[in-house]
Amino acid sequence: MRNNTQRIYERLSRGEFLSVDSIDSSIRHLYGDIEENVEDYTDYFREIGLQLESGNGYFYFSRIGENRQTMEQKLESFSKWLDYLDFLKCYDQSFTAGYQFRKSHLTEQISLDIELREKANHLFKKYGVGSNIEIVTKLLQEMQSMGFAECVSEQDETYKITSAFRYVEELVDIIQIANEDEVPE
């Protein structure tokens, strides 16, 4: 077992991502350690039923041989992230890894853009989140808990999108490619 195995497990087992471009040096350190020793980590985690996966600048876990209930939960979570991505791309088409924005600007744009407001109201309706600031706060909490966004300035509430956000974008691309491959009857 390597020195960082426990810290990597603790983060990734909660469904979080480790990104190469994190502002947190400890996350970048863990990412670098995995990258340098990917075979060791992959073998170790496989022994405990976890698959170490990598994307373009990020690592995450998937489970080997997941049951149907777990797959259904993942599909529900993915559906939620499709809505989030739709909302964020409506806010700004260039919203992707490396993008920075202020919480106040996103909140203001919801007030100014009817389509964005409708999408925002749809995001957290079942949680009773109503005001624009509550919606943006909840979305940012979700994005931060997954490792998709990090606060780069608490003073003006500026956020940066990490490489892990590409995970959601890549899943959407896979769906679009699959739909394009379907032959109409």
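Anything mentioned here points back to the structure above.
Source: prediction; values computed, not measured. (Residues numbered from 1 in each chain as written. Predicted model: local features only at pLDDT ≥ 70, side-chain atom pairs only at ≥ 80, totals over all residues. Heavy atoms only, no water.)

S.K.: Please provide a residue-by-residue account of the pairing of strand β2 (residues 50-55), values included.
M.R.: As paired elements, β2 and strand β3 (residues 58-63) share 6 bridges and run antiparallel to each other. Pairing of Leu-50 across the sheet is with Arg-63, part of β3. Counted along the chain from β2 to the antiparallel partner β3, the turn is 2 residues long, and its residue Gly-57 has a positive phi close to 95°. (Pairing = 2+ DSSP bridges. Helix = DSSP H or I, 4+ residues; strand = E, 2+ residues; numbered from the N terminus.)

S.K.: Could you give an account of the side chain of Glu-150, with specific residues and numbers?
M.R.: When you line up the elements, Glu-150 lands in strand β5 (residues 149-153). Summary of buried charges: Glu-150 has no salt-bridge partner, and the nearest side chain of opposite charge, Lys-160, is 5.7 Å away. In this structure the side chain of Glu-150 is engaged in a polar contact, spanning 2.5 Å, whose partner is the backbone nitrogen of Ile-23. Apart from residues lying up to four places away in sequence, Glu-150 is in contact with Ser-22, Ile-23, Asp-24, Ile-27, Gln-144, Thr-158, Tyr-159, Lys-160 and Thr-162. (Buried < 20%, exposed > 50% of the residue type's maximum accessible area, 1.4 Å probe, protein only. Lys, Arg positive; Asp, Glu negative; His and termini not counted. Salt bridge = Lys/Arg side-chain N within 4 Å of Asp/Glu carboxyl O. Polar contact = N/O pair within 3.5 Å; in protein donor to acceptor, adjacent residues only side chain to side chain. Contact = heavy atoms within 4.5 Å.)

S.K.: Pulling in residues and values, what's your account of helix α1 (residues 5-12)?
M.R.: Burial in α1 covers these residues: Thr-5, Ile-8 and Leu-12. Here the buried residues of α1 occupy an arc of 70° about the axis, which is enough to place them on one side. Close packing links the buried residues of α1 with β1 (18-19), α2 (25-36), α3 (38-47), β2 and β3. (Arc of directions from axis to C-beta.)

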